[in-house]
Amino acid sequence: QVQLVESGGGLVQAGGSLRLSCAASGSIVEINLMSWYRQAPGKRRESVATVTSAGRTIYAESVKGRFTISRDNAKNTANLQMNSLKPEDTAVYYCYAIVKPAMTSQFSNYWGQGTQVTVSS
């Protein structure tokens, strides 16, 4: 059974920084891409940042230049460094990964349970 566990959320003042971590555990053969999504109250879940297995990164326009996604393939982890945080960054942040478990021959989608990030003005 593959699990994604996030950590690092919390409360921070505008202009501050937070670092989110996502660890994938279980019998994993391969992880394709790893992403961070967020969902604010009353809004749809949106993609924030993605890192492929080759290290290519993709960012939402709203976070470019402020957020950095990184990945450790050996540890099956992905981090999101968030700088210059704004109140509009307040949301529940979810880790997402496309994973090939050892028990199957197919890639499947997995989500973490989410971690709250609150940015006060």
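As a reminder, the structure under discussion sits directly above these lines.
Residues numbered from 1 in each chain as written. Predicted model: local features only at pLDDT ≥ 70, side-chain atom pairs only at ≥ 80, totals over all residues. Heavy atoms only, no water.

For this particular structure, what's the right way to read the overall build of the chain?
Helix and strand counts for the chain stand at 0 helices and 11 strands. For the chain, the N- to C-terminal ordering of α and β elements is β-β-β-β-β-β-β-β-β-β-β. Relative to the compact-globule value of 14 Å for 121 residues, the chain shows a C-alpha radius of gyration of 14 Å, a close match. Overall, the chain is about 45 × 25 × 20 Å in size when its C-alpha atoms are taken along their principal axes. (Helix = DSSP H or I, 4+ residues; strand = E, 2+ residues; numbered from the N terminus. Rg over C-alpha atoms; globule rule 2.2 N^0.38 Å.)

Even after reading the chapter, I still don't get the state of the cysteines, so can you show me in this structure?
Covalent bonding between the sulfur atoms of two cysteines defines a disulfide. The full count for this structure, using the stated rule, is 1 disulfide. Covalent S-S linkage joins Cys22 and Cys95, the inter-sulfur distance amounting to 2.0 Å. Taking the sign of the torsion about the S-S bond as the criterion, the disulfide between Cys22 and Cys95, at about -80°, is left-handed. Here Cys22 is found in strand S3 (residues 18-25), whereas its partner Cys95 is found in strand S9 (residues 91-101), with 73 residues between them in sequence. Taken as a pair, Cys22 and Cys95 share a single burial class, namely buried. (Disulfide = S-S within 2.5 Å. Buried < 20%, exposed > 50% of the residue type's maximum accessible area, 1.4 Å probe, protein only.)

Explain the environment of Val12 to me, please; I cannot follow it from the model alone.
Along the chain, the position of Val12 falls in strand S2 (residues 10-13). Counting along the chain gives 38 residues from Val12 to Thr50, while the straight-line C-alpha distance between them is 23 Å. Here Val12 is in contact with Ser17, Leu18, Leu85, Thr118, Val119 and Ser120, once residues within four sequence places are set aside. (Contact = heavy atoms within 4.5 Å.)

Explain unusual backbone geometry to me, please; I cannot follow it from the model alone.
Most peptide bonds are trans, and most residues other than glycine sit at a negative phi. Despite not being glycine, Asn76 shows a phi value in the positive range, around 55°. Taking relative accessible area as the criterion, Asn76 reaches 21% and is therefore assigned partly exposed. At Ser84, a position not held by glycine, the phi torsion is positive, near 50°.

Honestly, the nonpolar core in this entry has me stumped. Any pointers?
In summary, soluble globular proteins display a tendency toward joint burial of nonpolar side chains. Met34, Trp36, Val48, Phe67, Leu80, Met82 and Tyr93 are the most contacted members of the largest nonpolar core, which has 30 residues in total. Broken down by secondary-structure element, the contributors of at least two residues to this core are S3, strand S4 (28-39), strand S5 (46-51), strand S7 (67-72), strand S8 (77-82), S9 and strand S11 (115-120). (Core = buried A, V, L, I, M, F, W, Y, C linked by side-chain atoms within 4.5 Å.)

It is not clear to me how the pattern of salt bridges should be interpreted in this structure. Could you clarify?
Charged atoms that come close allow side chains of opposite charge to pair. For the structure on display, the rule yields 4 salt bridges. Across the pair Glu61 and Lys64 runs a salt bridge whose closest N-O atoms are separated by 2.7 Å. The class for Glu61 is exposed, based on a relative accessible area of 62%. Linking Arg66 and Asp89 is a salt bridge whose minimum nitrogen-to-oxygen distance equals 2.7 Å. Placement of Arg66 in the loop between strand S6 (57-59) and S7 and of Asp89 in the loop between S8 and S9 is noted, with a sequence separation of 23 residues between them. Of the two residues, Arg66 and Asp89, both sit in the buried class. Salt bridges sharing partners connect three or more residues here, namely Arg38, Glu46, Arg66 and Asp89. (Salt bridge = Lys/Arg side-chain N within 4 Å of Asp/Glu carboxyl O.)

Before we go on, may I ask you to explain the side chain of Asn79 in this structure?
With respect to the helices and strands, Asn79 occurs in strand S8. Polar contacts involving the side chain of Asn79 include one to the side chain of Ser21, which spans 2.8 Å. Apart from residues no more than four positions distant in its own chain, Asn79 is found in contact with Arg19, Leu20, Ser21, Cys22, Trp36, Thr68, Ile69 and Ser70. (Polar contact = N/O pair within 3.5 Å; in protein donor to acceptor, adjacent residues only side chain to side chain.)

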